[in-house]
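# What the coordinates show
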Amino acid sequence: VSPMPTTISRVGTGSVTIPNIVPLRDNYQFTGWASGGVTYQPADSFNLTANTTLYAQWKRVYTHTITYDANGGTLSTYGATTTKGFDYQGTTSSFPIQIKTGSELGAVRNGYTFSGWNDTASGTGQTFIGGNSYSFSGDYRLYAQWSARTYTVTINPNGGYIGGSASSINVSKNYGETFYFSPYL
């Protein structure tokens, strides 16, 4: 970063060009130079008719980070977690952020279907729907929520009998549940 000149001197009146340098300030964005109700940008010229002080103008930038936690699954190439930073220029630290969908982040878990985000791993907190915007005033961690897929096992006696019946038997179980077969279902 080049040092900022503190004074630009000109003998007499006439056009003065503001140096093409942008000052830096943590957590702020430079918006221009102001004097007497007029705002100028770097490299702008103005007519100098008297001693003039140009004041740097700033807009507060708030940065929040949303961390997406796969909560037992994976997020495509991101692995178990991914972090997205957001900058906002405004007068408040609370601002809307659009939540990523599970498909945007490649959320997958063997035997489960992605069902949304929650601010607790157990799913007992606030629910967040991908694609919707929510107001955040700080960093946040969202946990993937998963619904176990249901599978149906059909037992077909194929011309025989099960428990005295020639009918097929359908048993539905969620992924991970144990299926016990008894001929007397």
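Everything in this summary refers to the structure shown in the same document.

Analysis parameters
Residues numbered from 1 in each chain as written. Predicted model: local features only at pLDDT ≥ 70, side-chain atom pairs only at ≥ 80, totals over all residues. Heavy atoms only, no water. Helix = DSSP H or I, 4+ residues; strand = E, 2+ residues; numbered from the N terminus. Buried < 20%, exposed > 50% of the residue type's maximum accessible area, 1.4 Å probe, protein only. Contact = heavy atoms within 4.5 Å. Areas by Shrake-Rupley, 256 points an atom, 1.4 Å probe, with all protein chains shown as cover. Polar contact = N/O pair within 3.5 Å; in protein donor to acceptor, adjacent residues only side chain to side chain. Core = buried A, V, L, I, M, F, W, Y, C linked by side-chain atoms within 4.5 Å. Phe/Tyr/Trp six-rings, centres within 6.5 Å; stacked < 30°, edge-to-face > 60°. Lys NZ or Arg CZ within 6 Å of the ring centre and 35° of its normal. Salt bridge = Lys/Arg side-chain N within 4 Å of Asp/Glu carboxyl O. Pairing = 2+ DSSP bridges.

### A short note on the overall build of the protein
When you go through the protein residue by residue, the secondary structure sums to one helix and 15 strands. Expressed as a percentage of the 185 residues in the protein, the buried residues total 26%. Excluding contacts between residues fewer than 6 apart, the proportion of contacts in the protein whose partners are at least 24 apart in sequence is 57%. As presented, the protein carries roughly 11,700 Å² of accessible surface, and 46% of it is formed by carbon and sulfur atoms.

### Some thoughts on the side chain of Asn118
By secondary structure assignment, the location of Asn118 is in strand β10 (residues 112-118). Classification of Asn118 by relative accessible area gives buried; the value is 1%. From its side chain, Asn118 meets the backbone nitrogen of Thr120 in a polar contact 3.0 Å long. Reaching out from Asn118, the side chain makes a polar contact with the backbone nitrogen of Gly125 at a distance of 3.0 Å. The contacts of Asn118, once residues within four sequence positions are left out, are Gly123, Thr124, Gly125, Gln126, Thr127, Phe128, Arg141, Leu142, Tyr143 and Gln145.

### Looking at the environment of Phe136
Relative to the elements of secondary structure, Phe136 occurs in strand β12 (residues 133-136). Along the backbone, Phe136 and Ser94 are 42 residues apart, and their C-alpha atoms lie at a distance of 5.1 Å.

### Side note on the nonpolar core
Side chains of nonpolar character tend, in soluble globular proteins, to be buried together. Counting 18 residues, the largest nonpolar core has Tyr68, Leu75, Ile99, Trp117, Phe128, Phe136 and Leu142 as the members making the most contacts within it. Those elements that place two or more of their residues in this core are β5 (55-69), β8 (95-98), β10, β12 and β13 (140-148). Leu142 has contacts with Ile66, Thr67, Tyr68, Asp69, Ile99, Trp117, Asn118, Asp119 and Phe128, leaving out every residue within four places of it along the chain.

### So, the packing of aromatic side chains
Scanning all chains against the criterion turns up 11 aromatic pairs. Seen from their ring centres, Phe30 and Trp58 are 5.7 Å apart, and the 70° between their planes marks the pair as edge-to-face. Placement of the pair is Phe30 in strand β2 (residues 28-35) and Trp58 in strand β5, with a sequence separation of 28 residues. An aromatic cluster is built from Tyr68, Phe114, Trp117 and Trp146, whose rings are joined through pairwise contacts. Here the basic side chain of Arg109 rests over the ring of Tyr112, its NZ or CZ set 4.0 Å away from the ring centre.

### Describing unusual backbone geometry
Here Ala43, not a glycine, exhibits a phi torsion of approximately 80°, which is positive. Mapping Ala43 onto the fold places it in the loop between β3 (38-40) and β4 (45-48). Even without glycine at this site, Asn71 takes up a positive phi of about 50°. By relative accessible area, which is 22% here, Asn71 ends up partly exposed.

### Regarding the pattern of salt bridges
Here the structure, examined in full by the defined rule, presents one salt bridge. Among the salt bridges present, the one from Arg141 reaches Asp69, with a minimum N-O distance of 3.0 Å. Here the residue Arg141 occupies a position in strand β13, and Asp69 occupies one in strand β5, the gap between them amounting to 72 residues.

### A few points about the pairing of β12
A regular strand places its side chains so that they alternate between the two faces of the sheet. Only one face of β12 is covered, namely the face carrying Tyr134 and Phe136; the face carrying Ser133 and Ser135 is uncovered. In this sheet, β12 lies alongside β8 in antiparallel orientation, the contact comprising four bridges. If you follow Pro96 over to β12, its bridge partner there is Ser135.

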